[in-house]
Amino acid sequence: MPKESQPLSNDNVTEPYSIFDKKQKWLIILIASTAATFSGFASNIYFPALSTIAQDLDVSLELINLTVTSYLILQGIAPSFWGPLSDVKGRRLTYCCTFLVFLAACIGLAESRNYATLIVLRSVQSAGSASTIAIGSAVIGDITTREERGGFMGIFQAGLLAPVAIGPVIGGGLTTLGWRAIFWFLTIYSGVFLVLLVLLFPETLRLAVGNGGVRTSNPVVRFPLTIYQKTTKVKFTSQPAIDSGTSRIDLIGPFRILFSKQAAPIILFLGIYYAVWQMSITAMSTLFQSHYHLTETQVGLTYIANGVGSIIGTLITGKILDADYRRVKDKHESHTGQDNTDDAAFPIEKARLRLVPIFAGLQCAAVLVFGWTVQYSQRVHIAVPIITTFITGWTLVSTQSIIITYLIDVFPDQKAAASASMNLARCLLAAGGTSLVNPLIDAVDVGLTFTITVAALLVALIGIGVQWRFGAKWRIQAEVERKISSETECQAMK
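Residues numbered from 1 in each chain as written. Predicted model: local features only at pLDDT ≥ 70, side-chain atom pairs only at ≥ 80, totals over all residues. Heavy atoms only, no water.

K.L.:
Before we go on, may I ask you to explain the overall build of the protein chain in this structure?
P.N.:
Summing up its helical and strand segments, the protein chain has 20 helices and two strands in all. Against the globule reference of 23 Å for 494 residues, the protein chain gives a C-alpha radius of gyration of 23 Å, in line with a compact fold. If you line up the protein chain on its principal axes, its C-alpha atoms span 75 × 45 × 40 Å. Evaluated residue by residue, the protein chain yields a buried proportion of 57% over its 494 residues. The long-range share in the protein chain, meaning contacts at least 24 apart out of those at least 6 apart in sequence, stands at 83%. Counting every atom, the protein chain has about 19600 Å² of accessible surface; 66% of that belongs to carbon and sulfur. Here the protein chain carries 38 positive and 32 negative side-chain charges, and the mean point of each set is 4 Å from the other. (Helix = DSSP H or I, 4+ residues; strand = E, 2+ residues; numbered from the N terminus. Rg over C-alpha atoms; globule rule 2.2 N^0.38 Å. Buried < 20%, exposed > 50% of the residue type's maximum accessible area, 1.4 Å probe, protein only. Contact = heavy atoms within 4.5 Å. Areas by Shrake-Rupley, 256 points an atom, 1.4 Å probe, with all protein chains shown as cover. Lys, Arg positive; Asp, Glu negative; His and termini not counted. Charge placed at Lys NZ, Arg CZ, Asp CG, Glu CD.)

Next up, the structure:
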């Protein structure tokens, strides 16, 4: 794994892992978090309008739910292309391409007049917005060390989760103007943001700019990076341009990570938990309308608890992650007598995954209570299922933040691809879950439906157990194999 600092050529001072100072990091993370909101906004702003769209286009609610499914499918697949592209061609260029796709899709959706156009353009829209989370996670990895990464990842996740809280509220309000107003709002929002992205976001890909101190003649990379270099308070040595001409775009990288021993168990675990969360918030709109007789605007307001839980949870969890890392790091250093947290022998599983079983248990309980309280809505106040959505938002997103931080630690040279692999599993499983949830509710009712999902969550706990028990061993084996392969390639080139 790459070291998080290296000596300068002129003296004994250590070259910083990143040249960006604290204020600059905050600005970069703010931009990355805002970029990531588009995936959530495009998804969550849509939920309160499902019934209205079905009536306007004269199709069944099941067919409209398939637009949610198609969105999730592309949300899973698209980062497998954009992620590897950003790992080679740069975060900045990839961001611009994804937002151009998203902007065009939003304009088309605002003008759509039939179901076929809707489902196709929702898929295109997802292809444009979905990768912003994977790229943003990679940006965090580019500019932060392991010691601070958990906290910054928590902040990033909190920012991107704002749409979970306010997206449905905005969607419910805009639906009163007609559901197409949702997509005109997203068009304006994305257009303004794209301009700000071009003006303010620097390239962070370490393959292209190292720690940010590289001098380059590439205009796409140079601006606004040179401004950050001139204004940073961090002392650094300017470096010549990096030759990355031999790098290739590894489109199968996310799939290779997904099926690797050191990642597959925990990614599958998260995918199942994410799918159940998506099933609950997708069904929530129609369940609250049918069982509690809420209006679209009122339904939008019920999503606030889920979003607030998600935001608060990930902020707190990020701080705990940093504290856990420092605790394990100090213990590791006391045993080994050296500061070397970058080697494969460092127990990163203990530093990152301790809280996951706790969050998993809380999510199981909250989902079970949600299902049965909605089924007996005539006896249970709506506040109870709303509170359970606060808990599921808190626990699921905290778990997701922990696991993506862990994956970036384990795959430092494929940050976006690692995030894309997680995204692929969770979104494809969620697509299947959301397509099944309403037919399952119709067949066995709400309570039993979510009891079945909790049974799936309990089985999924095997994945986290396997990761905790064997993750370090498999990770060390993979590192040894990587080094042997690298040495073999070097010898072959001589």
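So, next bit.
K.L.:
I would appreciate a short explanation of the confidence of the model for the protein chain in the present structure.
P.N.:
Averaged over all residues, the pLDDT of the protein chain equals 85, while 92% of them reach at least 70. Within the model, pLDDT remains below 50 along residues 1–12, and this stretch shows 28 contacts once partners closer than five positions in the same chain are excluded. (pLDDT = per-residue confidence, 0-100.)

K.L.:
Help me out: how do you make sense of the packing of helix H14 (residues 264–292) against helix H19 (residues 383–410) in this one?
P.N.:
Packed helix pairs are specified by the crossing angle of their axes together with the interaxial distance, meaning the distance between the axes. Viewed as axis vectors pointing N to C, H14 and H19 meet at an angle of 155°, and their least axial separation amounts to 10 Å. By the angle between their axes, H14 is roughly antiparallel relative to H19. H19 is crossed by H14, and the crossing has left-handed handedness. Contact residues: H14 offers Ile266, Ile267, Phe269, Leu270, Tyr273, Tyr274, Trp277, Met284, Phe288 and Tyr292, while H19 offers Pro385, Ile386, Thr389, Thr392, Gly393, Leu396, Val397, Thr399, Gln400, Ile403, Tyr406 and Leu407. Class assignment for the residues of the contact of H14 with H19 results in 17 nonpolar, five polar and no charged. (Axes fitted to C-alpha atoms, helices over the stretch in contact; angles between N-to-C directions. Parallel < 35°, antiparallel > 145°, perpendicular 65-115°, else oblique. Left-handed = near helix turned anticlockwise from the far one by under 90°. Nonpolar A, V, L, I, M, F, W, Y, C, P; charged D, E, K, R; others polar.)

K.L.:
Which parts of the structure should I look at to understand the environment of Leu368?
P.N.:
Assignment of secondary structure puts Leu368 in helix H18 (residues 356–375). Separated by 168 residues in the primary sequence, Leu368 and Leu200 have C-alpha atoms spaced 45 Å apart. Excluding residues that lie within four positions of it along the chain, Leu368 makes contacts with Thr451 and Val454.

K.L.:
Can you walk me through the packing of helix H1 (residues 22–44) against helix H7 (residues 131–143) in this structure?
P.N.:
For the pair H1 and H7, the least separation of the axes is 8 Å and the interaxial angle reads 165°. Comparing the axis directions of H1 and H7 gives the class roughly antiparallel. By crossing handedness, the relation of H1 to H7 is classed as left-handed. Across the interface between the two elements, Lys25, Ile28, Ile29, Ala32, Ala35, Ala36 and Ser39 from H1 touch Thr132, Ile133, Gly136, Val139, Ile140 and Ile143 from H7.

K.L.:
Got a minute to help me understand the state of the cysteines in this structure?
P.N.:
Defined simply, a disulfide is a covalent bond joining two cysteines at their sulfur atoms. Scanning all chains against the criterion turns up zero disulfides. In this structure Cys106 is a free cysteine whose sulfur lies 16 Å from that of Cys96, the closest cysteine sulfur available. (Disulfide = S-S within 2.5 Å.)

K.L.:
What am I meant to see in unusual backbone geometry here?
P.N.:
Excluding glycine, most residues fall at negative phi; most peptide bonds, likewise, are trans. Cis geometry marks the peptide bond from Phe223 to Pro224; its omega dihedral reads 0°. Along the chain, Pro224 falls in helix H12 (residues 219–231). The residue Asp58 is not glycine, and still its phi comes out positive at about 60°. Following the sequence through the fold, Asp58 ends up in the loop between helix H2 (50–57) and helix H3 (61–77). On the basis of relative accessibility, which here comes to 68%, the residue Asp58 falls in the exposed class. Positive phi is not limited to glycine here, since His293 has a value of about 55°. By secondary structure assignment, the location of His293 is in the loop between H14 and helix H15 (296–302). Judged by its relative accessible area of 65%, His293 is exposed.

K.L.:
Explain the pattern of salt bridges to me, please; I cannot follow it from the model alone.
P.N.:
Between side chains of opposite charge, pairing is possible as soon as their charged atoms come close. Enumeration according to the criterion identifies 11 salt bridges in this entry. The partner of Asp87 in a salt bridge is Arg91, and the shortest N-O contact between them spans 2.8 Å. Exposure remark for Arg91: the relative accessible area of 1% places this residue in the buried category. Put simply, Arg91 and Asp142 hold a salt bridge, and the shortest N to O gap is 2.8 Å. One end of the pair, Arg91, is in helix H5 (residues 91–110); the other, Asp142, is in helix H7, with 51 residues separating them in the sequence. In this pair, the class of Arg91 matches that of Asp142, namely buried. When salt bridges with common partners are traced through the structure, they connect Asp87, Arg91 and Asp142 into a single cluster. (Salt bridge = Lys/Arg side-chain N within 4 Å of Asp/Glu carboxyl O.)

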